[in-house]
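Here is how the chains run, residue by residue.
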Amino acid sequence: MKFIGSLTIGQYVPIDSTIHSLDPRTKLLGLILFMTLLFVYPFLEIYFFYLIFLHIILYLSNISYRVIWNGLKPIMLLILLTAFFNLFFTQGEEVLWIITREGIKNSILFSLRIYLLIFSSLLLTFTTSPLRLTDSIEFFMKPLKKLKVPVEEISLMLVIALRFIPTIINEIDRLIKAQKSRGVNFEKGNIIQRIKKLIPVFIPLFISFFKRADELAEAMESRAYQGGAKRTKRVKLKFKRRDYVSFILVILLFIITHIIYIYV
Amino acid sequence: MKKNFIKISLLSAFSTVLMFLEFPFPFFPHFLKFDFSDIPAVIGAFALGPMAGVAIELLKNIFHGILASSTAFIGELANFTVGAVFVLISGTIYKFKKSKKGAYLSLSIATFVMASAATALNYFIFLPLYETILGFKIENIIQMSSKFNTFITDLKSLVLISIFPFNLIKGIIISVIVILIYKKLSPLLHK
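Throughout, residues of each chain are indexed from 1 in the direction in which the sequence is written. Whichever chain is written first becomes A and whichever ligand is written first becomes 1, with later ones labelled in order. This being a predicted model, a pLDDT of at least 70 is required before a residue's local features are given, and a value of 80 or more before pairs of side-chain atoms are given or counted; all residues contribute to the totals for chains, interfaces and linings. Based on all heavy atoms of the structure, the side-chain values leave hydrogens and waters out of the count.

- Chain B has the name Riboflavin transporter in an unreviewed UniProt entry, where Candidatus Mcinerneyibacterium aminivorans is given as its organism.
- UniProt positions are given in the numbering used here, feature names are shortened, and annotations may be inferred rather than shown by experiment. Taken directly from UniProt, the Function (unreviewed entry) text for chain B runs: "Probably a riboflavin-binding protein that interacts with the energy-coupling factor (ECF) ABC-transporter complex."
- You can read under Subcellular location (unreviewed entry) in the UniProt record for chain B the words "Cell membrane".

- Looking up chain A in an unreviewed UniProt entry gives the name Energy-coupling factor transporter transmembrane protein EcfT, with the organism given as Candidatus Mcinerneyibacterium aminivorans.
- Quoted straight from UniProt, the Subcellular location (unreviewed entry) entry for chain A says "Membrane".

Comments concerning the overall build of chain B
Alright, step 1. Helix and strand labels come from DSSP, where a helix needs a run of H or I of at least four residues and a strand needs a run of E of at least two; each type is numbered from the N terminus. A tally of helices and strands in chain B yields 7 helices and 2 strands.
Alright, step 2. When the helices and strands of chain B are read in sequence order from the N terminus, they spell out α-β-β-α-α-α-α-α-α.
Alright, step 3. Taking all 191 residues of chain B together, 59% fall into the buried category.
Alright, step 4. Summarising the internal contacts of chain B: among those between residues at least 6 apart in sequence, 67% fall at separations of at least 24. Buried, partly exposed and exposed residues are distinguished by accessible area as a fraction of the type maximum, computed with a 1.4 Å probe on protein chains only: under 20%, between the cut-offs, and over 50%, respectively. Contact criterion: two residues are considered in contact whenever any of their non-hydrogen atoms come within 4.5 Å of each other.

Points about the overall build of chain A
Alright, step 1. A count of helical and extended segments in chain A gives 8 helices and 2 strands.
Alright, step 2. Each helix (α) and strand (β) of chain A, taken in turn from the N terminus, gives the series α-α-α-β-β-α-α-α-α-α.
Alright, step 3. Throughout, the radius of gyration refers to the C-alpha atoms, and the reference size of a globule is 2.2 Å times the residue count to the power 0.38. Expected size for 264 residues packed as a compact globule is a radius of gyration near 18 Å; at 24 Å, chain A overshoots this value by more than 25%.
Alright, step 4. Dimensions along the principal axes, computed over C-alpha positions, put chain A at roughly 65 × 55 × 40 Å.

Topic: the UniProt feature "transmembrane region" (unreviewed entry) in chain B
Residue and element names in this part refer to chain B.
Alright, step 1. Following the UniProt record, the feature "transmembrane region" (unreviewed entry) maps to residues 6-27, 39-56, 62-90, 102-126 and 158-182 here.
Alright, step 2. Along residues 102-126, the helical share is 100% and the strand share 0%, with 32 Å between the first and last C-alpha atoms.
Alright, step 3. The span residues 158-182 shows a helical share of 100% and a strand share of 0%, and its end C-alpha atoms are spaced 34 Å apart.

Some points on the UniProt feature "transmembrane region" (unreviewed entry) in chain A
Residues and elements named next belong to chain A.
Alright, step 1. Mapped onto the present numbering, the UniProt feature "transmembrane region" (unreviewed entry) falls at residues 28-61, 67-89, 110-134 and 244-263.
Alright, step 2. Overall, residues 110-134 shows 92% helix and 0% strand. The separation of its end C-alpha atoms is 31 Å.
Alright, step 3. Secondary structure content for residues 244-263 is 100% helix and 0% strand, and the end C-alpha separation is 29 Å.

Observations concerning the confidence of the model for chain A
Alright, step 1. Predicted confidence across chain A gives a mean pLDDT of 82, with 93% of residues reaching 70 or more.
Alright, step 2. The predictor attaches a confidence to each residue, and that confidence, scored 0 to 100, is pLDDT. No element of chain A has a lower mean pLDDT than strand β1 (residues 94-96) of chain A, which averages 71, and none a higher one than helix α2 (residues 44-60) of chain A, which averages 90.

Observations concerning the layout of surface pockets
All names here are of chain A.
Alright, step 1. The distinction between a cavity and a pocket rests on a 1 Å grid over the protein atoms alone: a 1.4 Å probe fits inside a cavity but cannot get out, while a pocket stays open yet meets protein on both sides within 12 Å along at least five of seven lines, and a residue with an atom within 4 Å of a point counts as lining. Grid points are joined across faces, edges and corners, and a volume is the space filled by probe spheres set on the points. As a volume, the second largest pocket reaches approximately 670 Å³.
Alright, step 2. Only α1 (24-40), α2, α4 (101-127) and α8 (241-263) provide two or more residues apiece to the lining of the second largest pocket.
Alright, step 3. When residues of the lining of the second largest pocket are assigned to their parent elements, the largest contribution, 8 residues, is made by α8.

Description of the domain arrangement of chain A
Alright, step 1. Just so you know, the domain bounds were taken from an automatic or database domain assignment. Taken domain by domain, chain A comprises domain 1 (19-128 + 238-263) and domain 2 (143-223).
Alright, step 2. Here domain 1 of chain A and domain 2 of chain A have C-alpha centroids that lie 36 Å from each other.

Points about the packing of helix α6 (residues 151-181) of chain A against helix α7 (residues 191-222) of chain A
To describe two helices that pack against each other, one gives the angle between their axes and the distance between the axes.
Residue and element names in this part refer to chain A.
Alright, step 1. Axis definition: a line fitted to C-alpha atoms, over the contacting stretch in the case of helices. Angles run 0 to 180 degrees between N-to-C directions. Running from amino to carboxyl end, α6 crosses α7 at an angle of 145 degrees, the nearest separation of the two axes being 10 Å. The two elements α6 and α7 meet at a crossing, and its hand is right-handed. Contacts between α6 and α7 involve L156, I160, F164, T167, I168, E171, I172, L175, I176 and Q179 on the former and, on the latter, P200, V201, P204, L205, S208, F209, R212, L216 and M220.
Alright, step 2. Three residue categories are used. Nonpolar comprises Ala, Val, Leu, Ile, Met, Phe, Trp, Tyr, Cys and Pro, charged comprises Asp, Glu, Lys and Arg, and polar comprises the others, including Gly. Among the residues forming the contact of α6 with α7, the class breakdown is 14 nonpolar, 3 polar and 2 charged. In this scheme, a crossing is called left-handed if the near helix is turned counterclockwise away from the far one by less than a right angle; it is called right-handed if the turn is clockwise.

Some points on a positive patch on the surface
Alright, step 1. Taken together, the side chains of K236(A), K238(A), K240(A), R241(A) and R242(A) present a region of like positive charge at the surface.
Alright, step 2. Along the chain, K240(A) turns up in the loop between α7 and α8. Like-charged residues within 9 Å of one another, or nonpolar side chains (Val, Leu, Ile, Met, Phe, Trp, Tyr) within 5 Å, are grouped into patches, provided each residue has over 30% relative accessible area and no salt bridge. Per-residue and other accessible areas follow the Shrake-Rupley method at a 1.4 Å probe size, with only the shown protein chains counted as cover for residues. The rule for a salt bridge is simple: a side-chain nitrogen of Lys or Arg has to be within 4 Å of a carboxyl oxygen of Asp or Glu. A residue counts as positive if it is Lys or Arg and as negative if it is Asp or Glu; His and the chain ends are not included. All charge positions are set by atom: Lys at NZ, Arg at CZ, Asp at CG, Glu at CD.

Examining the packing of α2(A) against α8(A)
Residue and element names in this part refer to chain A.
Alright, step 1. It is the contact of α2 with α8, at a shortest axis distance of 9 Å, that shows an interaxial angle of 150 degrees. Here α8 runs roughly antiparallel to α2, going by the angle between their axes. In terms of crossing hand, the pair formed by α2 and α8 is right-handed. Between α2, through E45, I46, F49, Y50 and F53, and α8, the contact on the second element is made entirely by L253, I256, T257, I260 and Y261. Geometric relationships in this document are graded by angle, where less than 35 degrees denotes roughly parallel, more than 145 denotes roughly antiparallel, 65 to 115 denotes roughly perpendicular, and other angles denote oblique.

Considerations on the packing of aromatic side chains
Alright, step 1. Side-chain rings of Phe, Tyr and Trp, where Trp is taken by its six-membered ring, are said to pair if the distance between their centres is within 6.5 Å; with planes under 30 degrees apart they count as stacked, over 60 as edge-to-face, and otherwise as tilted. In the structure shown here, the tally under the stated rule is 22 aromatic pairs over all chains.
Alright, step 2. With a centroid separation of 5.3 Å and an interplanar angle of 65 degrees, the aromatic rings of Y41(A) and Y261(A) are classed as edge-to-face. Taken together, the residues Y41(A) in the loop between α1 and α2 and Y261(A) in helix α8 connect sequence positions 220 residues apart.
Alright, step 3. The exposure class of Y41(A) is buried, given its relative accessible area of 6%.
Alright, step 4. Taking the centre distance of 6.2 Å and the plane angle of 90 degrees together, the rings of F112(B) and F164(B) count as edge-to-face. In this pair, F112(B) is assigned in helix α5 (residues 100-134) and F164(B) in helix α7 (residues 155-189), connecting sequence segments 52 residues apart.
Alright, step 5. Consider the ring centre and the ring normal. A charge sits over the ring if Lys NZ or Arg CZ is within 6 Å of that centre and within 35 degrees of that normal. Across the ring face of F164(A), the terminal group of R163(A) is positioned such that the distance to the ring centre comes to 4.6 Å.

Quick notes on the pattern of salt bridges
Residue and element names in this part refer to chain B.
Alright, step 1. Here the structure, examined in full by the defined rule, presents 6 salt bridges over all chains.
Alright, step 2. Taking the shortest distance from any N to any O, the salt bridge between K170 and D38 comes out at 3.7 Å. Here D38 lies in helix α2 (residues 38-48) and K170 lies in helix α7, a separation of 132 residues in the sequence. By the burial criterion, K170 is buried, and D38 matches it.
Alright, step 3. One salt bridge in this structure joins K60 and E57, with 2.9 Å as the shortest N-O distance. Of the two residues, K60 and E57 both sit in helix α3 (residues 50-68), 3 residues apart, roughly one turn of that helix. Pair check on accessibility: K60 and E57 agree, each one buried.

Structure (structure tokens):
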């Protein structure tokens, strides 16, 4: 088991660009619509058009392709396997040995679909800070309030948890180093022995979490925080002109997709 | 009440971190990944009630979704439903029988129900969903898995021979760790 040192959670690249400054809700809605279009129009010509479209967005976001490539690497195996199995195991008109016309088409289509799916969601997480994404999730969950879902509490918990993730990583790292300096080898032994070695890491962690939670609750109480009360935000989400422009562009994307669909 | 919210958020942050430390399990196809992220959820369900456990599972998967989804959110949906079944059952039984025996009983029942639920859900919902959405044919998964285990020949044997025992083992490991940790934590939790 590889432990923590190199673990990076979250992929936000904090630079300035047209895409970065869009409202997170615009980007989230755009992503959902894009994914829907991917499934409604599964055609090669349209996918190639999307490939160009996503690269234009990538260019606008000032993020280098290498950064995106690092995010894509983990699923490259899945893409290659999809391409491989579709290429060799699709029934149809044989072109070369057991490779069929349908096989070639499907293998490009399905691997391109996974590529586009991951590419588009990476574009969202690379250009939007997790905090702003959480804000926009709160916005879209608002209608659930009528069903008595505690939306405000959920979003408060999301924000607190998000703030504590780096702290927790540091703490785990510290505890593991403390154990290692006492001669514990986490990479040795059978499964039962390895699990036993994890217990002295877990227990102090939980104890410190519960203590921290008490402290934080006291701090909030002393600042007169109230759960149900209407909260204000330091940075408010606001649609600007570039958001309306992007909505028009997304509608245009839909229309172009449909035109390509009619003509091919 | 307020304190509980904060405890839930801290536990779900821990759970999220643990989810990123996933690793493949020996003898099982590599798309079944093992992680310890259910431990904070079960501890939360024991200490704060079954719904707290479900909340931790939900938050953890929202984070995994926004931070690093590589399966268009199907993996997160599957992880949430299976994890929620586990914490809901163990938390509910423990709520009515708060003792060492109650903990053992609740975790063994929850492990068995979770493994069965995971098997059924994968057979009827998640594997077909992967197939339609990612175009990743079930036959390919079966062929890939048969390299690891020659008894796997079709979907039924795939879920029965790999997904069921995998989740059973996962549940047992999680339960053992929870029991070992919980014994030491309980004075603090029932303060």
